[in-house]
Every structure is written in C-alpha cells, then in structure tokens.
Amino acid sequence: MRPGKFAYHRAETIDAALELLTNNEDAKVLAGGHSLIPALNLRLAQPEMLIDIGRLENLRGIQANGSLMIGALTTHAQIETSAAVQQYCRALSAAVSKVGDPMVRNRGTIGGNIAHADPASDPPTVLLACDSIIHLQGPDGTRTVPVQDFFLDLFTTDVQPNELVTGIEVPNMSDHKTAYAKLTHPASHYAVVGVCVAVKMDGDTCDHAHVAIGGALPKAMRSPGAEAALAGTTLDDAALNAAAEALMDEIRAEVMGDVYAPEAYRTAMAGVYLKRAIRQALAS
Amino acid sequence: MSTRIFGSGIKRREDPRLITGGAKYTDDMALPGMLHMAMLRSPYAHAHIKHIDTATAQGMEGVVAVYTATDLSLGAVPCAWLVPNSDLKTPAHPPLAADKVRYVGDAVAIVIAEDRYLAQDAADTIHVEYEVLGAVVNPEEATQEGAPQLFDDVPNNIAFRWIASSGDEGVEKAFAEADVVVKDRIVQQRLLPTAMEPRAALAQWNSGTGEMTIWCTSQNPHIHRFILSGMLGLAEHKVRVIAPEVGGGFGSKIPVYADEALAAWASMKLNRPVKWAETRSENYLVTIHGRDHIEHVEMAATSDGTITAIRGTVYAGMGAYLSTAGPGIPTILHGLMYCGPYTIPHARCESIGVFTTTTPTDAYRGAGRPEAVFLMERLIDQVARKLNMDPVELRRKNLIPPFEDGYTIPLGLTYDSGNYEVALDKALAMIGYADFRKEQAEARKQGRYLGIGVTTYCEICGLGPSQVAGATGFQGGLWESTIIRVTPTGKVHAMIGASPHGQGEETTFAQLISDEIGIPVEDIEILHGDTGNTPMGWGTYGSRTTPVAGAALVLATRKIKEKARAMAAHLLEAAVEDIDYEDGKFFVKGSPDKFKTIQEATLMATLAWNMPEGMDPGMEASQFYDPPNFVYPFGTHIAIVEIEADTGIVHLKRYVAVDDCGPQINPVIVAGQIHGGIVQGVGQALFEGVVYDEHGQLLTGSMMDYAVPRAEAFPEFELDHTVTPSPHHPVGLKGVGETGTIASTPTVYNAVIDALQPFGIKTMEMPLTAARVWEAMQRRNGSANGSTNGVHEGS
C-alpha cells in the first residue's frame, strides 16, 4: 500500500493538537487509523499532514457517573468489555462487538468511528437510538452536540475543521431494554442494515421506543414511524409488523442499493432486523 | 517395527516459520541500490491511447526513469497453451499497451524511482489522453454482431472454437430418442484467486557476468525462466528465477505476466536491482481471474434414469489477452471431463473462447474441472426432479462400476482407477441420508427450509503425460525431475523442479523419502523454487506435484537404496542378493543383528576408501519421471443447508466429504487440502463473484466488496476417505489439491436448490447470496419486485 506524501506530527496535548489543526488546513486527525489509513493507502485521502492524537491518554477511558462518558480514543474492544457499558447500555456493547474484526476492534476508536461517519458503521446507530451527546473541543473551548445533529450526511459531520471529538456521552439506558441487530456484509463486515432499539416497558406495555437504523441510508436515522407504531402496544406481532412497515416506508425512497444488497432487499431487511432487535431486547 | 512414517499425520515442517513470521517472501527482500517500479494502469476498459505525457514524472526528484511502450525492447507476453484444431487466434499481448488499452488495469507506463511511494506519486502525474471505446464484459454478448471488437484480426472476438465429441451423430440420436431432456443456462461467475500474498518481483541484473536473477511469486520458476529468457532476449542459462516463500497461488502465479518481465528489463536498462510489488487493489485488478463461463448445457435420459447423453456450448471469457494457460482451461481441462464418473455413452462440448474487455482469465483452483462437475451435478439433480427419482439413486444407477486399471470413456480419456459407489455409500451413511429426508419434511411443515446436496465426482489431475501435453498444444512438457543427494553424515538434500507454495511437500516428500530408506524426516530437506539449484520441472499446479514429482522422488530414492544396499553388501562381505533391508538397516538375510545403516553405507561410499568394484563414489541419484497417464481422484461430498426464511441467508449446517486420492502420505495435510478446497468452492457457491459494470469497471475491486468466505461461515467438516491406488504411480498416489473446490460448489448449490423446492426454484445464478435467495422466495410468495437478479423459476 502506498499513501501519498504527508507530514506527521504527534500531539502531546489536546491544545497542541488543536493548534496544529488550526494552522494546517489540509490536516487529518489520526486516532486508531482503521478508517483513515485504508483511505490513505488507496489514495482516496491525501492530506498534507497527519496529527496523531493516539497518545492523548485523557481522551481514553470510560466513566460511569449518571451517564456514560466515553473518551474519544476508547477502542471498540474496551467498550465491548466494559462492565459499565454493559450495565448502562447493552446495545452499545453488542454493536461494538460486531464492528469489523478483532484487529479493528483492538485499534479502532469510537471517536474516530463517529468522526469518519461511515453510513454502514455500527456505533452511530446505537448512539442515535440512545440520544447520546457528542463532546467537541476547538480553539475557543468545548461544546456539545446532540447526536441527532451530529451526522450530516455520508462521511460528513458537524465537527468543524479546527475541532476534535473528545468524548461521547451516553445516557444511562438501564431502565430501557436495548438491543442491536445487524445483517453483516460478508466482505466488509459493515452493516447491510443495523437496527438499534431501546424500549421502555411499563408492565407488558411499551411506554416508548427509540428506533434507529444504519447501513440503509447515507446516515443513520431515527424512525419516528416505527417508534409511534410501538408506543402503547404490548410489542406483539401486529405491533412489530406495523413498526417494520413504518420503518420500511420511511426509508424506501432513500435506501441505498449495491451489488450485494439491492434496494428492495435492504428495505425488507430493515423491517426484519427491527423485529429481531425488539425480540432480542425483550429477551434481554 | 516402528510406526510407518508414510501415512503418519506429522505436523507440517513449513508451519513454524510461517506462523512466527520467519518466512521470507519476495517483497521482504532488499538489495543495495534497489529501485522500485510502479505501474500506470488504464482507467478505461477499452480505449485508444492518443498521447502520453510523462514530463512531470520524469522531472520529479527521486524518479530514475519513466518508460512507455515505445521505449521497450521486450518481447510480447506469450500464450503457452495453443489448443490445436480450434482456429486459435493469438494476438500480441504487449507488456505495455502501445496504441490501445483493452481492460481496466492494462499497463500503459512504468515509473522507476528510489522508493515505491515516489514511484506511485510520479505515476499519478502521468497524463494519458484516451479516446474511449465501447466495453464488453459478457463473453456471450462479445460474440454478437455489433459488439465492440478488441482486435482487428479477431472477428467477433472469438479466440478459439474447440469441440470434444464422442461422435456427433450418436449425441444427436441420444437426444432425439431421450425420454427426458433437461436444459440449463449456467453462469460460472468470475472469481478472484485471492492468494494471501499478492504478486511481486525483484530483478537483479549483473552487468559483469551478464546474469539476470529474478525473485518472484511463481508456482513454476522453471517455466518463468523459460518464458522470461525469451521475452528478455537472454540465454536461458544466464537467467535464474527464484520463487522464495510464496504465499499461495491457486493458479494465479502460474502465468508469466508483463510485470515481472518489465522489472527485469528495467533492471538491465538501469543496471540496478528493481522491485515491483502489487497492492491488493492491483492484485484484484490485473492478476488473473478464474472461471467466467456462460454455458448452455443439456442432458438426455431414459425414463428409468439412465443418462444417455450430455452436451454443452460454453462461452469462456478469456479477458483481454490470452494468459499463459488460458485456452487450455475451458477446453482440455473442462470438455474432456464432461462424462464425470458416470457411464454416459454420448457427450459433446463446444467451447468458444472469447476476448472481452476484462482482466485475463487462467487456471484457478480446479481450472475447468469444477465447471464440468458443476454442470453435470446440476443437470443430474434436474433430471432426477423431472423423473421424480431420488438424486442419489439416479447417480448410483449411472456410476461407472469399480475398476482397478483403466476405464476408457467415450471422450477418449482412460481413467486410472475408481470405486465410486463405495465412497458414495460411506458419505451417505455419515450424513444419515434417509433420516435427513424425514427431518426435511418435518421442518418444511414448520416453515423451516432444509436442503441436502450430493456430488459424486471424479477429476483429472497429476498433469500429465508429456505426449498428451504436446498433443493438446501445451508448449511444454509435464514431467518432473529430482536429484537426491545424501551428505557424508547421512542427511538428505532432495531437489525438485516442482515448486510448492503452501501445499506441504517439504513435509510429505520428506516422509516419502524416509519411508523408502529410513532416514528420519528431520534429516531430510526438500529444496525447491530456485532454478539455480533445482533440476528442471514444470511446476506446482493441477494437483500434480505429488503424483508426478512425488513419483520421481520415490524412484530416485529407490536408486539410493539400491546403491546403499550394494555398499552394505560390500561392507558385510555378502552378495547383494543376500541383503535384506528394514528400517534404514541392511543386513544379511537371517542375521538382522549384524547390519550396516543407510548412514554408514553413505559415509563409506562418500569416503570411497573401499568401494565395490565398478561403483562410483558418493550417494546421489537423479530421476526424471514422465507419468504414463493422469490420475483421477474421486469421491462424494454431501452438504446440508438451512435457509433463513425471512432473510435468505444460507447456513451451512453439515458438510461430509469422502475423498479418494489413493494412499495418503500425511492424512492431516490431506485434510488441510480438502478443508481449504471446500472453503474455496463454497466461496463460489455462496459468496464470491466478480462484478464488472457495463463500462468494464471492476466493482468488486477490494476485500470490502469481494466476499472471501471466513471461518465463521463453516461447520466442522466431517471427512473420511477410501483408498484406491493409482495403478501407474510407484506408490499409488493421486492428487488432492483441488478435489475440495471441484466438489463443494455443486454440493452446496444443490443443497440450496433442494431447500428451495417448496418455492419451485430450479436454478439461480451464483453466488447464492442472501439477497438472491430472498428474492427467489419472494417471487414465489407473490410479492415480486420486478428485479430478476439472476433468479429463474422452475416449471
């Protein structure tokens, strides 16, 4: 593999990284490198500079204190094996356990993942379903963005050129039943469709449900139709079918097709995996 | 007596270095002053080259040279399988495209620079003005009126038209009189060989001695030397080709490509070592692809299930140029095997080789035989369905009865030995065939879709008698040779011309030698891959290394043994006829306590202080071996699948394989070959398929898009074997490198179609992806969405 020529700087502090970012228009931030390095190797990306933030230890780690605060440099493997994540949001544990392969999970980071914003990636779908908040830092200080406003389009986010993703805040979902169901692409291991649900039960009745889908559209989306179809039901087959229909109706016009999964198939699988996700959540 | 080393599942001696990273591949090599080559490749499938501007690249710091076609003094890339009686057209394949490019990836210019990144940077700056022409990627469409023409002197893009027939009249009559005829259109989709190591070459020209050394990823370094010396205009004895560790080939490292020749030529031109190593993207784009048939096939049978005839017309995509062995694959290695293991009296195959604006095709694991077995096993299942017969019983009825020494089929081949029904029964017992049919019926009632697929196959390998090679237009021999040298202390160097690259012959061949003369395996080194220190051989492919090179090795070892016996007799002061041998020891009959070991005999022969009269010193033997026939391994594979009704995902639940490759030198290595083969064949059935768009752009150009199967997709394989020795091999060995791939594609395919019977699906295009299976089920369920996506409903 042959990337083009680039300068390399390792940032020792967040401020140093931000300064490099501000002063170098054509710089890319390197974290785990599992999206960026392949893009460099294929010469799809040819930045003049890489700013390696991989050793900013204060961006790494998981704190559970009312909500989960996951540092941007936390790897998928660290999230997957975190007891706190398992307790707060099982769907997130499940989703990161399905990212790529062990090598990707050991090196790839959650911050890099969402900043890259691959539409077929797993974590964004869960973050959306769980109303997570993205923490950013720029030269003028920090800000937060609700995840609903974070993903703008295919590989496009609200991160400004001089900003870094510093962390992801995931609410405590332990009073919800959450699950992530994924139809895995046999080559890339990305999601053909990935559906995350978080349902709040009141006895046998669903008080409310959050439904998000990834893989099918240029960015992960919530499904208001499916959520409405599930709320107030006992999540019986009829409700699940109605939710699946609502989800399929919402995505049908925009759904992406490819060699492996044509539009009609992807649309139908969104419904199938929604139902699977709900059944998994209820069984959890 | 100790446990016999032949047949013992000792661990592969190759593995420690491979597992620990100690192996040294071509791209691991570095030489002082080494330069790097990058290729500029065509982004268009078919275009005239109007102008090439290399000025920017030439001027870049670190760039040593930029060459285009007009700079070269290098021969064309030859095709080496000139199939006779086929009106074969062999348009020149220039190493760099001169006036026209014919596939995406066709090389247009090379850049030589101080490092590989600079070389690529410079290649990116070369501006080529193209006049884009029409592309054609489908071999059947390429023969139609109005299709884009790749070569002016190849009308309708037809490279050759070859026919194998048992007699056309008989075939016609059989079809006319048949009670039942089934027809199918089979697409053998293109596949990417995906060897773990991409191709690479490092060339070093020594202007002082006039010698060229080329390290490269080759399955057959002697063929590379043969062809490269011609392309480079160097005498063969001045060219040394070394295949160091080679990380798999599956056929893709048989051909001689332009790339290694260009590196060598540049090294001569610049008088510095030049290395080229392809990226995975390049590997998928320009290293040969496999299969690519569109077949119209049919089978005739009587109402009692006797198959009376089979025939087919094959449109075989050759890609943009004829690769080294390309024309031989869909002809000799395919059409002649149309009868399979069955007593089919009439057969005809017409194979039409077609140029398309795509990557050239050539041998890919199985090479022609997987396609033959697939169409046979597909048609048999369809006949069975039409006759409402059990597909296993239909097979059984038509299997060739057991034979130990020769069975000649209507297409002229003489199979060496076979006992097909025994393997079938063994596999049926393992899978529990009768019970499965009950389970399947129960499951269907619950809306679960189980299916079973059975393949009884035989295949031709151990290529092969050189006379046949010549008669079929192969521009080489197919014998092997070996030199066995025993050192003074009784250690062995066995040099072979074949070139294993993952198959494990460093282990099995040491076992073969050890079994013959009792020298322990750890004292035996198998040397291969270097034309500078190995005798001539034609390489490792076509499951031929064990049947051919292995035979040479056994015979050479027996020469050593006889010399050692004579030496021992001399030392024991006895007549040679009175000397017995056991476990590495020679002794006078009846006196096993007084013996000379093979090592002692070797030492004394090497010291040569006291030789028997007329005996030369030393302990060395050489042997050429030209096999009198091919070998024909066979077996039965059975798979059970379950299809998820709501997603179409195919789950492989069980896989039983009973293979017969004759006696097994090392059952663990045999199992490994079969395991890998099954996986690759199932890859074709369920996962893999090259997709070009209508402009000839490769859509499956990376591992993100092209699905090579992973371990998670497979159950534990259930293997067993029968043993039917080859009558003509010194120890009865047959090849086993390709059987898994040959058998597993139709096995799993038939299982899926069997599972889909409630939906009336007769045939579908491979790979049987979840989406295709789901669509097939949807169409039957009445919610069709308009797309056919390769699904054809049955009647």
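Note that the structure is predicted; figures quoted are calculated from it, not measured. Within any chain, residue numbers begin from 1 and follow the written order of that chain's sequence. Written order decides the labels, with chains lettered from A and ligands numbered from 1. Only residues with pLDDT of at least 70 get local features here, since the model is predicted, and only at 80 or more are side-chain atom pairs given and counted; chain-wide, interface and lining totals rely on the full set of residues. As a rule here, side-chain values come from all non-hydrogen atoms in the structure, and water together with hydrogens is ignored.

With that settled, consider the overall build of chain A. Helix numbering and strand numbering both begin at the N terminus, where a helix is a DSSP run of H or I of at least 4 residues and a strand a DSSP run of E of at least 2. Within chain A, the secondary structure is distributed over 12 helices and 14 strands. Taking 2.2 N^0.38 as the reference for a compact globule, 284 residues should give roughly 19 Å; the C-alpha atoms of chain A span a radius of gyration of 19 Å, in line with that estimate. Overall, chain A is about 60 × 45 × 30 Å in size when its C-alpha atoms are taken along their principal axes. Expressed as a percentage of contacts within chain A between residues at least 6 apart in sequence, the contacts between residues at least 24 apart total 61%. As displayed, chain A offers around 11,600 Å² of accessible surface, 49% of which is attributable to carbon and sulfur atoms. When we talk radius of gyration, it's over C-alpha atoms, and the globule rule is simply 2.2 Å times the number of residues to the 0.38. Contacts were defined at the residue level, with two residues in contact if any of their heavy atoms lie within 4.5 Å. Method for areas: the Shrake-Rupley scheme with a 1.4 Å probe, in which residue coverage is limited to the protein chains shown.

As a further point, take the pattern of salt bridges. Residues and elements named next belong to chain B. Definition used for salt bridges: Asp or Glu carboxyl oxygen within 4 Å of a side-chain nitrogen of Lys or Arg. Counted by the stated rule, this structure contains 62 salt bridges over all chains. The closest approach of N and O atoms between Arg485 and Glu620, which form a salt bridge, is 2.9 Å. Here Arg485 is found in strand 19 (residues 480–486), whereas its partner Glu620 is found in strand 25 (residues 620–625), with 135 residues between them in sequence. A salt bridge links Lys589 to Asp580; the shortest N-O distance between them is 3.7 Å. Working definition: with a 1.4 Å probe on protein chains only, accessible area under 20% of the residue-type maximum means buried, over 50% means exposed, and in between means partly exposed. Judged by its relative accessible area of 46%, Lys589 is partly exposed.

Between chain B and chain A, the residue contacts involve 31 residues of the former and 24 residues of the latter. Between chain B and chain A, a total of about 2,200 Å² is buried, with carbon and sulfur atoms accounting for 60% of that surface. Sorting the residues of chain B by area buried against chain A places Met704, Arg710 and Trp774 of chain B first, and these three jointly supply 22% of that buried surface. Along the contact surface separating chain B from chain A lie four salt bridges. Salt-bridge contacts for Glu644 of chain B lead to Arg276 of chain A; the nearest nitrogen and oxygen are separated by 2.7 Å. Two N or O atoms count as a polar contact when they lie within 3.5 Å, although within protein this holds only if one can serve as hydrogen donor and the other as acceptor, and sequence-adjacent residues are included solely when both atoms are side-chain atoms. At the junction of chain B with chain A, the criterion picks out 10 residue pairs in polar contact (both at pLDDT 80 or more). Taken together, the elements giving at least two residues each to the side of chain B that touches chain A come down to helix 3 (116–125), helix 7 (280–286) and helix 18 (770–781) of chain B. Any residue outside Ala, Val, Leu, Ile, Met, Phe, Trp, Tyr, Cys, Pro, Asp, Glu, Lys and Arg is labelled polar, Gly included; the first ten of those are nonpolar and the last four are charged. Among the residues making up the side of chain B that touches chain A, the classes are represented as 13 nonpolar, seven polar and 11 charged. Once two parts are joined, some of their accessible surface, as seen by a 1.4 Å probe, is lost; buried area is that loss totalled over both.

Our next topic: helix 5 (residues 221–232) of chain B. Along an α-helix, residues three or four positions apart point the same way, because every turn accommodates 3.6 residues. Residues and elements named next belong to chain B. The end-to-end C-alpha distance of helix 5 is 15 Å, a good match for the 16 Å that 12 residues give at a rise of 1.5 Å each. Taken together, the buried positions of helix 5 are Pro221, His222, Ile223, His224, Arg225, Ile227, Leu228, Ser229, Met231 and Leu232. Where the residues of helix 5 are buried, they touch strand 10 (211–216), strand 11 (239–242) and helix 6 (258–270). Note on helix 5: the residue one or two positions beyond its end, Gly233, has a positive phi of about 70°. Here, expected helix span is obtained from the residue count minus one, scaled by 1.5 Å.

Let us look at the domain arrangement of chain A. Marked domain ranges trace back to an automatic or database domain assignment. Structurally, chain A comprises domain 1 (7–52), domain 2 (62–105 + 118–171) and domain 3 (177–283). Between the C-alpha centres of domain 1 of chain A and domain 3 of chain A there is a distance of 35 Å.

The subject of this paragraph is a nonpolar patch on the surface. Residue and element names in this part refer to chain B. Patch definition: residues with relative accessible area over 30% and no salt bridge; like charges joined within 9 Å; nonpolar side chains (Val, Leu, Ile, Met, Phe, Trp, Tyr) joined within 5 Å. A cluster of nonpolar side chains, Leu603, Leu607 and Trp609, forms an exposed patch at the surface whose accessible area comes to about 330 Å². Topologically, Leu603 is positioned in helix 15 (residues 598–607). For Leu603, a relative accessible area of 35% puts it in the partly exposed group.

All names here are of chain B. Axes here refer to lines fitted to C-alpha atoms; in helices the fit is confined to the stretch in contact. Angles between the N-to-C directions go from 0 to 180 degrees. Running from N to C, helix 8 (residues 369–387) and helix 9 (residues 391–398) point in directions that differ by 115°, and their axes come no closer than 9 Å. When the axes of helix 8 and helix 9 are compared, the pair comes out roughly perpendicular. Taken as a pair, helix 8 and helix 9 cross one another with a handedness that is right-handed. Contact with helix 8, carried on its side by Glu377, Ile380, Asp381, Val383 and Ala384, involves Pro391, Leu394 and Arg395 of helix 9 and no other residues of that element. Geometric relationships in this document are graded by angle, where less than 35 degrees denotes roughly parallel, more than 145 denotes roughly antiparallel, 65 to 115 denotes roughly perpendicular, and other angles denote oblique. A crossing counts as left-handed when the near helix is turned anticlockwise from the far one by less than a right angle, and as right-handed when that turn is clockwise.

Residues and elements named next belong to chain B. The domain boundaries assigned to chain B delineate domain 1 (413–461 + 630–795) and domain 2 (479–625). Facing the 17 residues of domain 1 at the interface are 18 residues of domain 2. Between domain 1 and domain 2, a total of about 1,200 Å² is buried, with carbon and sulfur atoms accounting for 64% of that surface. Three residues stand out in domain 1 for area buried against domain 2, namely Ile665, Ile669 and Pro730, and they jointly supply 41% of the buried area on that side.

So, on to the sheet that holds strand 1 (residues 7–10) of chain A. Residue and element names in this part refer to chain A. Pairing within the open sheet is parallel, and its three strands lie in the order 1-3-2. Looking along the sheet, the strands with just one partner apiece sit at the ends: strand 1 and strand 2 (27–30). Looking at each pair of strands side by side, their axes are set apart by 25° on average, direction ignored. Strands pair, by our definition, only if DSSP identifies at least two bridges between them. For strand 2 and strand 3 (residues 49–52), the ladder comprises four bridges, and the chain directions are parallel. Counterpart to Leu30 in the pairing with strand 3 is Asp52. Across the sheet, helix 1 (residues 14–23) lies against strand 1, strand 2 and strand 3, angled at about 165° from strand 3, the strand it touches most.

A few words on the nonpolar core. Residues and elements named next belong to chain B. Only buried Ala, Val, Leu, Ile, Met, Phe, Trp, Tyr and Cys residues count toward a nonpolar core, and they belong to the same one when joined by side-chain atoms within 4.5 Å. Counting residues in each nonpolar core, the largest one holds 163 residues, and the members touching the most others are Ile214, Tyr415, Val748 and Val752. Split by domain, this core shows at least three residues from each of two domains, domain 1 (413–461 + 630–795) and domain 2 (479–625). Counting residues in hydrophobic clusters, the runner-up holds 41 residues, among them Ile5, Ile484, Phe586 and Ala601.

With that settled, the discussion passes to the confidence of the model for chain B. Residue-level confidence of the predictor is what pLDDT reports, using numbers from 0 through 100. Put simply, chain B has an average pLDDT of 96, and 98% of its residues get 70 or more. For the stretch residues 783–789 of chain B, pLDDT sits under 50, and the model shows 13 contacts to residues farther than four places along the chain or on other chains.

Now for the packing of aromatic side chains. Ring pairs (aromatic) are described by centroid distance and by the angle formed between their planes. Residues and elements named next belong to chain B. Here a Phe, Tyr or Trp ring, Trp counted by its six-membered ring, pairs with any other such ring whose centre lies within 6.5 Å, and the pair is stacked when the planes are under 30 degrees apart, edge-to-face when over 60, and tilted otherwise. A complete count under the given rule lists 21 aromatic pairs over all chains for this structure. Considering the side-chain rings of Phe226 and Trp538, the 6.0 Å spacing of their centres and the 85° angle between planes classify their relative orientation as edge-to-face. Taken as a pair, Phe226 in helix 5 and Trp538 in the loop between strand 21 (524–527) and helix 14 (545–571) lie far apart in primary sequence, 312 residues in all. For Trp538, a relative accessible area of 8% puts it in the buried group.

Turning next to unusual backbone geometry. Residue and element names in this part refer to chain B. Geometrically, the link from Leu463 to Gly464 is a cis peptide bond, its omega value of -20° lying close to zero. When you line up the elements, Gly464 lands in the loop between strand 18 (449–458) and helix 12 (466–471). Each neighbour pair has its own omega, and for Met766 with Pro767 the value is -5°, a cis peptide bond. You can see Pro767 is positioned in the loop between strand 29 (761–764) and helix 18. Not every positive phi belongs to a glycine, and Ala367 is a case in point at roughly 45°. Relative to the helices and strands, Ala367 is located in the loop between strand 15 (346–355) and helix 8. Its identity is not glycine, yet Glu573 carries a phi of approximately 55°, on the positive side. With respect to the helices and strands, Glu573 occurs in the loop between helix 14 and strand 22 (579–582).

The next subject is the sheet that holds strand 15 of chain B. Where strands meet in a sheet, backbone hydrogen bonds hold them as pairs that are either parallel or antiparallel. Residues and elements named next belong to chain B. A sheet is described by the order of its strands in space; here five strands give the open sequence 7-15-14-13-8, paired in mixed fashion. Bordering the open sheet on either side are strand 7 (158–165) and strand 8 (180–188), each of which pairs with just one other strand. With strand direction ignored, the average angle separating the axes of adjacent strands in the sheet is 10°. When strand 13 (residues 293–301) meets strand 14 (residues 307–319), the two strands line up antiparallel, connected through nine bridges. Bridge pairing links Ala301 to Ile307 in strand 14.

Residues and elements named next belong to chain B. Every buried residue of helix 9 is accounted for by Pro391, Val392, Leu394, Arg395 and Asn398. Seen from one end, helix 9 has its buried residues packed into an arc of 160°, which puts them on one side. On its buried face, helix 9 sits against strand 14, helix 8, helix 10 (420–431), helix 11 (433–445), strand 18 and helix 17 (739–755). Where helix 9 begins, the capping side chain belongs to Asp390, and its oxygen is found 2.6 Å from the backbone nitrogen of Val392. Arc definition: directions from the helix axis to the C-beta atoms.

Turning next to the pairing of strand 2 (residues 47–53) of chain B. Successive residues of a regular strand alternate their side chains across the two faces of the sheet. Pairing between strand 2 of chain B and strand 4 (residues 100–101) of chain B: two bridges, direction antiparallel. When the sheet's bridge partners are listed, Ala47 of chain B is paired in strand 4 of chain B with Val101 of chain B.

So, on to the environment of Ile380 of chain B. Residues and elements named next belong to chain B. Within the secondary structure, Ile380 sits in helix 8. On the accessibility criterion, Ile380 (0% relative accessible area) is buried. In this structure Ile380 touches Met299, Ile307, Tyr342, Pro391, Leu394 and Arg395, once residues within four positions along its chain are discounted.

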